[in-house]
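The primary structure of each chain is shown beneath.
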Amino acid sequence: MFKFFKSLWGDSWLKLIESFWLFFRYSLSQFGIQGINMVTGFLIIRALTKDDYANYTIINTLVPVMLMLSDNGIGTGIFSIGRHIWQDDEKMGRLVNTGLQLRRKFALVSFLLLGPILAWMLFHNHAPISTIVLLTVVTLTGISFQPTEAVMRAVLELRQHIKTIAKVGLIAALLRLCLVAGFAVFLHLNAFLATLAGTCAIILETSFFVRAVKPQIHWDAPPDSEYRATIFSIVKKVAPLTIYFCVQGQISIWLISIFGSSHQVADIGATVRLGVIFTTLASSYSTIMVPRFARNNGRRRLFVQFLQIVISLMLMLLVLSAFAKLFPAPFIMLLGSKYSNMSGLIWLVIFSSGLHSLAGVIFGLNMSKGWIPPAILTIPVEIITQIVLLLSLNLSKTESVLIFSCLSTIPPTIINTVLLLRRISHEAE
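Fair warning: this is a prediction, and the values are worked out from it, not measured in the lab.

Draft legend 1. Layout of the overall build of the chain. When its secondary structure is counted, the chain shows 17 helices and 0 strands. Looking at the chain as a whole, 53% of its 429 residues qualify as buried. Accessible surface computed for the chain: about 19,300 Å², of which carbon and sulfur atoms make up 69%.

Written as structure tokens, this is what we have:
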């Protein structure tokens, strides 16, 4: 089929068609994966009590924070170096082992810093000591595998092995669904078993990615001191932003867990799952478009690519938020009757999720090129914004926390967009 189009329109059109077809197929696979994850998530929501689901929500709030700290710019460094050497197996082997060495060290620091915070948040939510111990152990076990998974995935993304990524993701999602369903039918599903199912899926996914990458590169190549120095130079710039975004990105659950009740934690945690479509789209862009953006050059080409990504995400954000505002009933049906009190806020949850996904994609485009937003500008602006919001909103109300989440996302999005456009304008044509 592609040869037929090539004979009609030439190489440039062929590449465009191939890119669109790849994006379309991967997006379909991601919707399938996210559909499975959504079924799993709603099964967990319906099976767990609100108090137990609040513990599960706390776990899923701290895990991204731990992962961000264990990365802390290392992934950006791998992409920044890898976009120049992605076809060289020996150099990629050295880069992979350098990245693995650094990520494992950073993961240990992340465990030591956030493990006690995780235990405290569970204790604050009145979880029994035995539950706190089990949840902490199974969570840290899963996170210990994710640095390896992230580095292997970066290699596959740079080399655009999209089929492998999609296939492994599907297998892992199915395993998690089967485990959760099995626990729900044959045992009493609780926060520990739900978290254990996720950890098993992560272990499986990591092992498949290692098997896929190992034959492609020089696996035994030693870590490279020059690569390490380059990555560290990026880490120094990214670290302040990472630490800040660790708090800002999960601030809804943090605020509710401090100012609200366990039922409000469960409400936020459950309804946030309705933003799964933006998670899917952001994943598709991050896997296909961001690596290609990193490898591309030329002012016009980069600008057009940026507009395609941002405009398409914004249109979907507005359409889906409007639909949720007008027709909240189908979403409440998915969550269950115990979340009927959230019907008037469903659109706000989806709008907030979309804004966070948009901000994440724009940030990812910058980072893939090694264009680090200046922390000296970004962080003070956002802190001032959040102080104003904290003084203006009653954070004991779920609606106010969601408004806080939406508005606090706007400053980083604007700053990253301006930075990206300025950097693109300085590129050669």
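Draft legend 2. Examining the pattern of salt bridges more closely. Following the criterion strictly, the structure yields 5 salt bridges and no others. Note that Arg94 and Asp224 form a salt bridge whose closest N and O atoms lie 2.2 Å from each other. You can see Arg94 sitting in helix H5 (residues 89-124) and its partner Asp224 sitting in the loop between helix H8 (191-213) and helix H9 (225-248), a full 130 residues away along the chain. Residue classification places Asp224 among the buried residues on the basis of a relative accessible area of 12%. Among the ionic contacts, a cluster of salt bridges with common partners joins Glu90, Arg94 and Asp224.

Draft legend 3. Layout of the side chain of Ser352. Relative to the assigned elements, Ser352 resides in helix H15 (residues 346-368). Residues contacting Ser352, with those up to four places away along its chain left out, are Ser405 and Cys406.

Draft legend 4. Geometry of the packing of helix H6 (residues 129-158) against H8. Two numbers describe how H6 lies on H8: the axes approach to 8 Å, and their chain directions differ by 25 degrees. What the angle tells us is that H6 and H8 run roughly parallel. H6 and H8 meet at a crossing whose hand is left-handed. Tallied by class, the residues present in the contact of H6 with H8 amount to 16 nonpolar, 8 polar and 3 charged.

Draft legend 5. Region of interest: the nonpolar core. Core analysis: the biggest nonpolar cluster contains 30 residues, and Ile44, Tyr56, Leu118, Leu122 and Leu189 have the highest contact counts within it. Elements with a contribution of two residues or more to this core: helix H2 (11-47), helix H3 (50-71), H5, H6, helix H7 (162-186) and H8. Broken down by element, the residue count for this core peaks at 9 residues, all from H3. Ile74, Ile78, Val151 and Val235 belong to the second-largest nonpolar core, a separate cluster that totals 25 residues.

Draft legend 6. Broad picture of the confidence of the model for the chain. A residue-level look at the chain finds 80% of positions with pLDDT of 70 or above and a mean pLDDT of 77. Taken together, the stretch residues 4-10 has pLDDT below 50 and engages in 5 contacts with residues farther than four places along the chain or on a different chain.

Draft legend 7. Molecular detail of the packing of H3 against H6. At a minimum axis separation of 11 Å, H3 and H6 run at an interaxial angle of 30 degrees. Crossing geometry of H3 relative to H6 is assigned as right-handed. In this structure, H3 contributes Asn55, Ile59, Val63, Met66 and Leu67 to the contact, and H6 contributes Leu135, Thr139, Leu140, Ile143 and Gln146. Partitioned by chemical class, the residues of the contact of H3 with H6 number 7 nonpolar, 3 polar and no charged.

Draft legend 8. Local environment of H15. Helix length check: H15 (23 residues) gives 33 Å between terminal C-alpha atoms against 33 Å at 1.5 Å per residue, within 8%. Among the 23 residues that make up H15, 17 are buried, leaving the element largely enclosed by the rest of the structure. Of the residues trailing H15, Gly370 is marked for its positive phi of about 75 degrees.

Draft legend 9. Broad picture of the packing of aromatic side chains. On inspection of all chains with the given rule, the structure shows 3 aromatic pairs. Judged by centre distance (6.4 Å) and plane angle (45 degrees), the ring pair of Phe106 and Phe232 falls under tilted. One end of the pair, Phe106, is in helix H5; the other, Phe232, is in helix H9, and 126 residues separate them in sequence. Note on Phe232: relative accessible area 32%, which makes it partly exposed. Taking 5.2 Å as the distance between ring centres and 45 degrees as the angle between the ring planes, the aromatic pair formed by Phe323 and Phe327 counts as tilted.

Draft legend 10. Molecular detail of a nonpolar patch on the surface. Among the surface-exposed residues, Phe303, Val304, Leu307, Ile311, Leu315 and Leu421 lie close enough to one another that they form a single nonpolar patch of about 470 Å² accessible area. Ranked by the residues each element gives to the nonpolar patch, the list is headed by helix H13 (residues 299-326), at 5 residues. Tracing the backbone through its elements, the reader meets Phe303 in helix H13. Owing to a relative accessible area of 37%, Phe303 belongs among the partly exposed residues under this scheme.

Draft legend 11. Spotlight on H3. Given a rise of 1.5 Å per residue, 22 residues ought to cover 32 Å, and the 32 Å separating the end C-alpha atoms of H3 matches this to within 8%. Two residues or fewer past H3, Asn72 is found with a positive phi of approximately 55 degrees.

Draft legend 12. Looking closely at the side chain of Thr195. Its place among the elements puts Thr195 in helix H8. Residues in contact with Thr195, not counting those within four places in the same chain, are Tyr56, Ile59, Leu135, Val138 and Thr139.

Draft legend 13. Geometry of the environment of Lys91. With respect to the helices and strands, Lys91 occurs in helix H5. The spacing of Lys91 and Asp224 is 133 residues in sequence and 8.9 Å in space, taken between C-alpha atoms. Residues contacting Lys91, with those up to four places away along its chain left out, are Ile85 and Tyr227.

Draft legend 14. Just the environment of Val310, in detail. Its location among the elements puts Val310 in helix H13. For Val310, a relative accessible area of 10% puts it in the buried group. Residues Val310 and Leu358 lie 48 residues apart in sequence; the distance between their C-alpha atoms is 7.3 Å.

Reading the values: the criteria
Throughout this document, residue positions are counted from 1 along each chain, in the order its sequence is written. A pLDDT threshold of at least 70 governs which residues receive local features in this predicted model, and a stricter bar of 80 or more applies before side-chain atom pairs are shown or counted, although totals over entire chains, interfaces and linings include all residues. Water and hydrogen atoms play no part in the side-chain values, which are based on all heavy atoms of the structure. Only runs of H or I of at least four residues qualify as helices and only runs of E of at least two qualify as strands under DSSP, and these elements are numbered from the N terminus. Partly exposed residues are those whose accessible area sits between 20% and 50% of the maximum for their type, while under 20% is buried and over 50% is exposed, using a 1.4 Å probe and protein chains only. To measure how exposed things are, a 1.4 Å probe is used in the Shrake-Rupley method; for residues, cover is taken only from the protein chains shown. We define a salt bridge as a contact between a side-chain nitrogen of Lys or Arg and a carboxyl oxygen of Asp or Glu at a distance within 4 Å. By the convention used here, residues are in contact when the closest approach between their heavy atoms is within 4.5 Å. Every angle, taken between N-to-C directions, lies between 0 and 180 degrees, and every axis is a line fitted to C-alpha atoms, over only the stretch in contact when it is a helix. In what follows, roughly perpendicular refers to angles from 65 to 115 degrees, roughly parallel to angles under 35, roughly antiparallel to angles over 145, and oblique to any angle outside these ranges. By definition, any crossing whose near helix is turned counterclockwise from its far helix by less than a right angle is left-handed, and any crossing with a clockwise turn is right-handed. Only Asp, Glu, Lys and Arg are considered charged, only Ala, Val, Leu, Ile, Met, Phe, Trp, Tyr, Cys and Pro nonpolar, and every remaining residue, Gly among them, polar. To qualify as a nonpolar core, a set must consist of buried Ala, Val, Leu, Ile, Met, Phe, Trp, Tyr and Cys residues joined through side-chain atoms within 4.5 Å. For every residue, the pLDDT score states the predictor's confidence, bounded by 0 at the bottom and 100 at the top. Under the convention used throughout, the expected extent of a helix is 1.5 Å for every residue step, that is, one less than its residue count. Aromatic pairing here means that ring centres of Phe, Tyr or Trp (its six-membered ring) are within 6.5 Å. Orientation follows from the plane angle: under 30 degrees is stacked, over 60 is edge-to-face, and everything else is tilted. Patches draw on residues past 30% relative accessible area with no salt bridge. Two like charges within 9 Å are joined, as are two nonpolar side chains (Val, Leu, Ile, Met, Phe, Trp, Tyr) within 5 Å.

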